[in-house]
Amino acid sequence: MDIGKSISPCFPPRAVQPQLKLMAAVVSFLSLPARAPPPSFTFVTRCTASPSATTRFSQQTASAPLLLTHEEPKTNPIKSSSCELHCRHFESCSGCTHEYNLHQPPILDEAIRFFKSTGVSNFTFDTCRLWGWRCRAKLAVRGLSMKPLIGLYEEGTHNVVDIPECKAHHPSMNAAVDLLKQGMAELNIEPYDEDGGTGELRYVQMAVTTYSTSLPASERYKNGKVQVTLVWNDRSENSTSFAKLNALANYMWRKGGPRRELHLIHSVWANFQTSTSNYPNSLALVQVIFGNRWRHLLGESDFWEHVGGIDVSIAPSSFGQANTRAFDSLLRKLQKYVPYGASVVDLYAGAGVIGLSLAATRKCRSVKCVEVNKEAKHSFEKTASRLQIDEESSISWHQADTSKEPHTWLLGSDVVVVDPPRKGLDPSLLGALQSVAFMRRNSSEKKVKMEKRPWVLRERETSVQSNGQMAQDEAPSLPQTLIYISCGWDSFKKDCKSLLSSRAWELTKAHGFNFFPGTQSIEVLAVFKRGSGGKLKRKKSGKKKRLA
Ligand SMILES: C[S@@+](CC[C@H](N)C(=O)[O-])C[C@H]1O[C@@H](n2cnc3c(N)ncnc32)[C@H](O)[C@@H]1O
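The rules we used
- Residues numbered from 1 in each chain as written.
- Predicted model: local features only at pLDDT ≥ 70, side-chain atom pairs only at ≥ 80, totals over all residues.
- Helix = DSSP H or I, 4+ residues; strand = E, 2+ residues; numbered from the N terminus.
- Buried ≥ 20, exposed ≤ 12 C-beta atoms within 10 Å, placed from the backbone.
- Contact = placed C-beta atoms within 7 Å.
- Pairing = 2+ DSSP bridges.
- Axes fitted to C-alpha atoms, helices over the stretch in contact; angles between N-to-C directions.
- Core = buried A, V, L, I, M, F, W, Y, C linked by C-beta atoms within 7 Å.
- Domains from an automatic or database assignment.
- Near = placed C-beta within 6 Å.
- Nonpolar A, V, L, I, M, F, W, Y, C, P; charged D, E, K, R; others polar.
- Parallel < 35°, antiparallel > 145°, perpendicular 65-115°, else oblique.
- Left-handed = near helix turned anticlockwise from the far one by under 90°.
- UniProt positions renumbered as here; feature names shortened; annotations may be inferred.
- Arc of directions from axis to C-beta.
- pLDDT = per-residue confidence, 0-100.

## Considerations on the overall build of the protein
Per the secondary structure count, the protein includes 14 helices and 20 strands. Buried residues in the protein amount to 48% of all 548 residues. At a minimum sequence separation of 6, the contacts of the protein that also span at least 24 residues come to 75%.

Printed below as a string of structure tokens:
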């Protein structure tokens, strides 16, 4: 198992040496002509801060985002020194895969080609923030109490690489790690020892909130505060070692809490985990890090952030996007593709951030969020409680596995949003998405019936309804738009080809976001419209277009 993945499931591990991987389209924003030819893709750069400017105490050079266009990607990459990682941990840490041209990940060239082959020639790419972008990380704690190592695993090993000056981390996160190390040394806290299963502190999750209405907007990001979750190698707060855990939490609060001039720590949580087993899928890998027992120790229990035009609450136990600012850009783009008053289903919803942001900004008639992790429910309720939603709108969160009975979620929705883990869509959902095209062709003959199956109704009983009435199924509409958000490029390509090959869907727009600068990954937002509805309509003589 690649343990690196377990630490950060949405952050691909380093695979090959960076020199071999620089195949990206070259768009040097410094050397572009003032008038570019008609675009084949649009490139939005936000090279607003040099790496040295990402420390909390230094000046940020803010410049307006550049909107650049370029006709064809070239193959001879130029190293752009202004977009270089400059990280001393690069060689040993598995987090980043390349250190040059952070604004154009190696995969971009392939993405442009792929989308062109699907008929989307106006692919856009938003480079987002290049340093200090990571606002959420799970870090392993190993070594000795006097000299703890806090970071990611070295690739292919269980050796933890200490990354105190990580350039991807939000600077507040690095400062909080430093404080944690001091506390461990002072209080003699033993890092976890994997071989013996001994030691006290196994992992730490750091999540940065930049939500602070008391500061001017331009000051908020760099003054982010950290929610610290200490993953403790014991069963519960009733264990004898709890006094030490409490002492460590108090240390961090005393040194970095609101009474300090530099208020760094938002809150401290504990998670109790004694299990040593590993599981193969990405959802379960998270469970290896975390046990089932959570306890809020100090600071505010609610963690708020502002993205997609709304305040969102994210509990430490539920999924949160690592790149807050890039996620905000994606949400704002996504909103444009959802008609006002639409009925939306948000599949793989986590705490429902996407669905709720659409509910608020697009005045949706109905939003159903579907998520397998029950821990996310509380965050959904918190976020929903702050929204001003029309009385007629129906907003709900359902704990369910989208791979089971996926049709029941698709029927009655105008817009389907999917944001699966890196492995992509569950095959049953993919099949259901394809089959809705056939339903449309026959919709006059085939009435979609109201749901009566008891097991489906039972599953829906675990839902929370935050406003209005439960969406009625008497006259369900069929999805017209499918919005696919992906952090796994390979699985996205596969799913996209399947959707297009059956002609169930047509790809109309695609946007890329630099969610993970320095890595092989980009986040994709792809918009599909209901297609011609199946192979029967394909012209016999027509040649099938080959997808890249
Ligand atoms: C990439 S995250 C996206 C979360 C959310 N859309 C957001 O942006 O915060 C994927 C989510 O899918 C959930 N998930 C994974 N497999 C699932 C399944 N079979 N059914 C429902 N949810 C699932 C995970 O728990 C996780 O919260």
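Read on, since the account is not over.
## Brief notes about the sheet that holds strand β6 (residues 160-162)
Pairing between the strands of a sheet comes from backbone hydrogen bonds, and it takes one of two forms, parallel or antiparallel. Spatial ordering of the open sheet is given by β6-β5-β4-β7-β8-β9-β10, a layout of 7 strands whose pairing is mixed. Where the open sheet ends on each side, the last strands, each with one partner, are β6 and β10 (293-299). Adjacent strand axes in the sheet meet at a mean angle of 35° when their direction is disregarded. As paired elements, strand β5 (residues 148-153) and β6 share 3 bridges and run antiparallel to each other. By the bridge assignment, Leu152 is partnered in β6 with Val161. Of the strands in this sheet, β4 (136-143), β5, β7 (201-209), β8 (225-232) and β9 (265-272) touch helix α4 (residues 171-187), which is tilted by about 145° from β7. Of the strands in this sheet, β8, β9 and β10 are in contact with helix α6 (residues 242-256), which crosses β9 at around 170°.

## Some points on the nonpolar core
In this structure, Ala176, Val204, Met206 and Leu230 are the most contacted members of the largest nonpolar core, which totals 134 residues. Split by domain, the residues of this core number at least three in each of domain 1 (136-304) and domain 2 (338-537). Among residues more than four places away in sequence, those in contact with Leu230 are Leu201, Val204, Leu245, Leu248, Ala249, Val268 and Ala270.

## Some remarks on the site of the ligand
The ligand sits among 20 residues. The nearest are Phe319, Tyr348, Gly350, Val372 and Asp419. Listing elements by their share of the shell around the ligand, those giving two or more residues are α9 (353-361) and β14 (366-371). Looking at the shell around the ligand residue by residue, the class counts come to 11 nonpolar, 5 polar and 4 charged.

## Points about the packing of α4 against α6
Put simply, α4 and α6 touch, their axes get as near as 9 Å, and they point 130° apart. On the basis of the axis angle, α4 is oblique to α6. The hand of the α4/α6 crossing is right-handed. Every residue of α6 that contacts α4 at Ala176, Leu179, Leu180, Gly183, Met184, Glu186 and Leu187 is listed here: Lys244, Ala247, Leu248, Tyr251, Met252, Lys255 and Gly256.

## Observations regarding the environment of Ser435
Relative to the helices and strands, Ser435 is located in helix α12 (residues 427-441). For the pair Ser435 and Pro148, spaced 287 residues apart in sequence, the C-alpha separation works out to 54 Å.

## Focus: the UniProt feature "binding site: S-adenosyl-L-methionine" (unreviewed entry) in the protein
The residues that UniProt annotates with the feature "binding site: S-adenosyl-L-methionine" (unreviewed entry) are Gln321, Tyr348, Glu371 and Asp419. Excluding its chain neighbours within four sequence positions, the residues that come into contact with Tyr348 are Glu371, Thr402, Val418, Asp419 and Pro420. What makes Asp419 buried here is the crowd of 23 C-beta atoms within 10 Å.

## Quick look at the pairing of β7
Summarising burial for β7: 9 of the 9 residues are buried, a large majority. Here 8 bridges tie β7 to β8, and the two strands are oriented antiparallel to one another. By the bridge assignment for β8, Val208 is matched with Val226.

## Looking at the UniProt feature "active site" (unreviewed entry) in the protein
With numbering matched to this structure, UniProt assigns "active site" (unreviewed entry) to Cys487. Positionally, Cys487 belongs in the loop between β18 (481-486) and α14 (489-501). By C-beta crowding, Cys487 is classed as buried, having 24 other C-beta atoms within 10 Å.

## Things to note about unusual backbone geometry
Positioned with a positive phi, Tyr348 is a non-glycine residue whose angle comes to about 60°. Tracing the sequence through the fold places Tyr348 in the loop between β13 (343-347) and α9. Taking the C-beta count within 10 Å as the criterion, Tyr348 has 21 such neighbours and is therefore assigned buried. Positive phi values are uncommon outside glycine, yet Lys363 reaches one of about 50°. For Lys363, a count of 16 C-beta atoms within 10 Å translates into the label partly exposed.

## Here's the deal with helix α10 (residues 376-386)
For α10, the complete set of buried residues consists of Ala376, Lys377, Ser379, Phe380, Thr383 and Ala384. For α10, the angular spread of the buried residues around the axis is 160°, confining them to a single face.

## A closer look at the confidence of the model for the protein
Mean pLDDT for the protein: 82, with 74% of residues reaching 70 or above. Low pLDDT, under 50, characterises residues 281-287; the predicted model gives this stretch 12 contacts beyond four residues in sequence or across chains. Note on residues 535-542: pLDDT under 50 across the span, and 5 contacts to partners over four residues away in sequence or across chains.

## Digging into the environment of Met439
In this fold, Met439 is placed in helix α12. Judged by the 18 C-beta atoms lying within 10 Å of it, Met439 falls in the partly exposed class. Sequence separation between Met439 and Leu478 is 39 residues, and the spatial gap between their C-alpha atoms is 8.1 Å.

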